[in-house]
Structures are given as structure tokens and as C-alpha cells.
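# Summary of structural features
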Amino acid sequence: MTAQRTRPVGYAIWLIVASVVGWWAAFQLTLDKIIQLENPDAVLGCNISVMIQCGKNLDSWQGEVFGFPNPIIGLTGWMAPMVVGVALLAGARFPRWFWGAFGAGVTFAFGFVCWLIGQSLYAPNLGVLCPWCMLTWAVTIPTFFATVLHLFRNGTFSSSPTVKARAARLMAWVPLATILAYAVVILLAQLRGLDLLGEVAGLLF
């Protein structure tokens, strides 16, 4: 097992920042879910408009796909990158198996977020965007990109010096890749919005 030999300060700081933001979003969703359970008719603060709201998402089967509210996943799951980020800043070295497991967890989170984005935009029972969910998406996407590159950079996927060096250089492109991913989501949302408007217009006229 090969342990990491460098201290990736920038990556560690990002893990901490993303964890704080993601955990806060999950916490707010949890509070809204509790309010919704206590009073199904309550007007949630995240319900901004017909298209921007979290109440519909929380009340859907997609909002508790594993049998419990999705925000609980965020409350627990974001603790992992927080701990890893703090440990890296403290100089901790993790073996390859640990990074593999961490990468698998981040990949699962990214896949789950992609699925939730698709459900929010295209599922017949939803068709809305949740503010707190979008905040979670916003930090999960770059965390996935950065983590994949870091696993190449630190030798988890390959011990080749060339691969490590290229991954290190590509780290500088994570912000651009993130912006492009955001742009794709925004474009899909706009197109879906136009489709919905067309459906409404068809019903009216």
C-alpha cells in the first residue's frame, strides 16, 4: 500500500469549504422536512416560486429514495470530506485503499446528484428546482472533478510519474470544468422550462 507523500493544501481547503456548504444545505433541507411533517400545509421558506421550491421535492418518492429523507445522507455524508480535508491539512497520509474508498464515495455522490438533477427536471411528478438541492449540486460537482484528478495525482490509480504530473496540471482546469457543468445544467433547465411553457400554451390554446 502506497501512502500519499505530499500535502495537497488547496484540495484539502476545498474539501472543508465544500463540506461546510453541503452540510448547511442538508441541514436546511432537514429543517424544512421536519416543518413539512409537522404541518403539510406550511409555506416553506425555500418555496420561492412554482419552478423554484423544495417542498415538492421533499414530498416526492425521489426525496427519500432509500427509505428515509435524502437530507440525512447529506448530513452524514459531508462529514467524510470534512474529516479528510482537516486530516490532510494536519499532514495525514492515507494508504491507497483509503483513497479508493473515498473516491468511490465521492463518485456515488456525483452519480446520485446527476440522477437527482435529471429527476428534478424531467420527472412528471417534479419539474421544479430546489434551492438547497442546487447548492448541494454546486459543491458536489467540483468535488468530484477535483477528487478524481487527485486520485490520479497521488498514485491511487497509477504509479506512473507522467500520469501523476498530468493530473497535477489538470487540477488547474477544475474551475473551468465546473463552470461548463453548471452551464449544461442551466441549459437543460432552460430547455425544460421552454418545453413546459409549450405544454401549457398547448392546453390553453
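Keep in mind that this is a model prediction, so the values were computed, not measured.

Definitions and cut-offs
Going along each chain's sequence as written, the residues are numbered from 1 onward. With the structure being a predicted model, the display of local features is reserved for residues of pLDDT at least 70 and the display and counting of side-chain atom pairs for 80 or more, all residues being used for whole-chain, interface and lining totals. Only hydrogens and water are removed before side-chain values are computed, so all heavy atoms of the structure are retained for them. In this analysis the probe radius is 1.4 Å and the grid spacing 1 Å, with only protein atoms considered; a cavity is a set of points the probe fits into but cannot get out of, a pocket is an open set with protein on both sides within 12 Å along at least five of seven lines, and lining residues have an atom within 4 Å of a point. Grid points are joined across faces, edges and corners, and a volume is the space filled by probe spheres set on the points. Each helix is a run of H or I in the DSSP string that is no shorter than four residues. Each strand is a run of E no shorter than two, and both are numbered from the N terminus. Multiplying one less than the number of residues by 1.5 Å gives the expected span of a helix. Per-residue confidence from the predictor is reported as pLDDT, a score between 0 and 100. For this analysis, residues touch if any pair of their heavy atoms sits within 4.5 Å. Two aromatic rings, drawn from Phe, Tyr or Trp (for Trp, its six-membered ring), form a pair once their centres lie within 6.5 Å of each other, and the interplanar angle then sorts them: stacked below 30 degrees, edge-to-face above 60, tilted otherwise. For every residue, the accessible area obtained with a 1.4 Å probe (protein chains only) is divided by the maximum for its type, and the residue is called buried under 20%, exposed over 50%, and partly exposed between those limits. Note on disulfides: each one is a pair of cysteine sulfur atoms within 2.5 Å. Every patch collects residues that have over 30% relative accessible area and no salt bridge, joining them within 9 Å if they carry like charges and within 5 Å if they are nonpolar side chains (Val, Leu, Ile, Met, Phe, Trp, Tyr). Exposure was quantified through the Shrake-Rupley algorithm and a 1.4 Å probe, taking into account, for residues, occlusion by the shown protein chains and nothing else. Any carboxyl oxygen of Asp or Glu that lies within 4 Å of a side-chain nitrogen of Lys or Arg is treated as forming a salt bridge with it. Only buried Ala, Val, Leu, Ile, Met, Phe, Trp, Tyr and Cys residues count toward a nonpolar core, and they belong to the same one when joined by side-chain atoms within 4.5 Å. As a rule, the C-alpha atoms of each element are fitted with a line to give its axis, helices using only the stretch in contact, and angles between N-to-C directions run from 0 to 180 degrees. Under this scheme an angle from 65 to 115 degrees is roughly perpendicular, one under 35 degrees roughly parallel, and one over 145 degrees roughly antiparallel; angles in between are oblique. In this scheme the crossing of two helices becomes right-handed for a clockwise turn of the near helix relative to the far one and left-handed for an anticlockwise turn of less than a right angle.

Estimated volume of the largest pocket: approximately 660 Å³. Considering the residues around the largest pocket, the lining is formed by 33 residues, among which Ile-73, Gly-74, Trp-78, Phe-112 and Thr-136 are closest to the centre. Secondary-structure elements contributing two or more residues to the lining of the largest pocket are α1 (9-38), α2 (55-58), α3 (70-77), α4 (79-89), α5 (96-122) and α6 (131-153). No other element matches α5, which puts 11 residues into the lining of the largest pocket.

As a further point, take α6. The first and last C-alpha atoms of α6 sit 34 Å apart over 23 residues, in line with the 33 Å expected at 1.5 Å per residue. The first or second residue beyond α6 is Gly-155, which carries a positive phi of 90°.

Here we come to the confidence of the model for the protein chain. When pLDDT is averaged along the protein chain, the result is 90, and 92% of the positions lie at 70 or above. Here helix α8 (residues 174-204) is the element of the protein chain with the lowest mean pLDDT, 81, and α4 is the one with the highest, 97. A low-confidence stretch, residues 1-5 stays under pLDDT 50, and its non-local contacts, those more than four residues away or across chains, total 15 contacts.

This part covers the packing of aromatic side chains. Counted according to the given criterion, the structure contains 17 aromatic pairs. Arranged with centres 4.2 Å apart and planes meeting at 20°, the rings of Phe-94 and Phe-98 form a pair that is stacked. You can call Phe-94 buried: its relative accessible area is 14%. Between Phe-152 and Phe-157, the ring centres sit 4.7 Å apart and the planes meet at 65°, which makes this aromatic pair edge-to-face. Classification of Phe-152 as partly exposed rests on a relative accessible area of 32%. One aromatic cluster is present, formed by Tyr-11, Phe-94, Trp-97, Phe-98, Trp-99 and Phe-102 through successive ring pairs.

Between its first and last C-alpha atoms α5 spans 39 Å; for 27 residues at 1.5 Å apiece the expected length is 39 Å, and the two agree. Taken together, the buried positions of α5 are occupied by Trp-99, Phe-102, Gly-103, Val-106, Phe-110, Phe-112, Val-113, Leu-116, Ile-117, Gln-119, Ser-120 and Leu-121.

Note that Trp-97 resides in helix α5. Residue classification places Trp-97 among the exposed positions, given a relative accessible area of 53%.

Attention shifts here to the state of the cysteines. Applying the stated criterion to the full structure yields 1 disulfide. The disulfide that involves Cys-46 links it to Cys-54, with 1.6 Å between the sulfurs. Here Cys-46 matches Cys-54 in class, with each residue buried.

Attention now moves to a nonpolar patch on the surface. A surface patch of nonpolar side chains, amounting to about 660 Å² of accessible area, comprises Trp-61, Val-65, Phe-66, Phe-68, Ile-72, Phe-108 and Trp-115. Within the secondary structure, Ile-72 sits in helix α3.

Tyr-11, Val-84, Leu-88, Trp-99 and Phe-102 are the most contacted members of the largest nonpolar core, which has 19 residues in total. Every element with two or more residues in this core is listed here: α1, α4, α5, α6 and α8. With 5 residues, the single largest contributor to this core is α6. Core analysis: the next-biggest nonpolar cluster, separate from the first, contains 16 residues, Leu-44, Leu-129, Cys-130 and Trp-137 among them.

Turning our eyes to something else, we now look at the packing of α6 against helix α7 (residues 161-170). At a minimum axis distance of 7 Å, the contact between α6 and α7 shows a crossing angle of 150°. As the angle between them shows, α6 and α7 are arranged roughly antiparallel. For the crossing formed where α6 meets α7, the hand is left-handed. In contact with Leu-149, Phe-152 and Arg-153 of α6, α7 contributes Val-163, Lys-164, Ala-167, Ala-168 and Leu-170.

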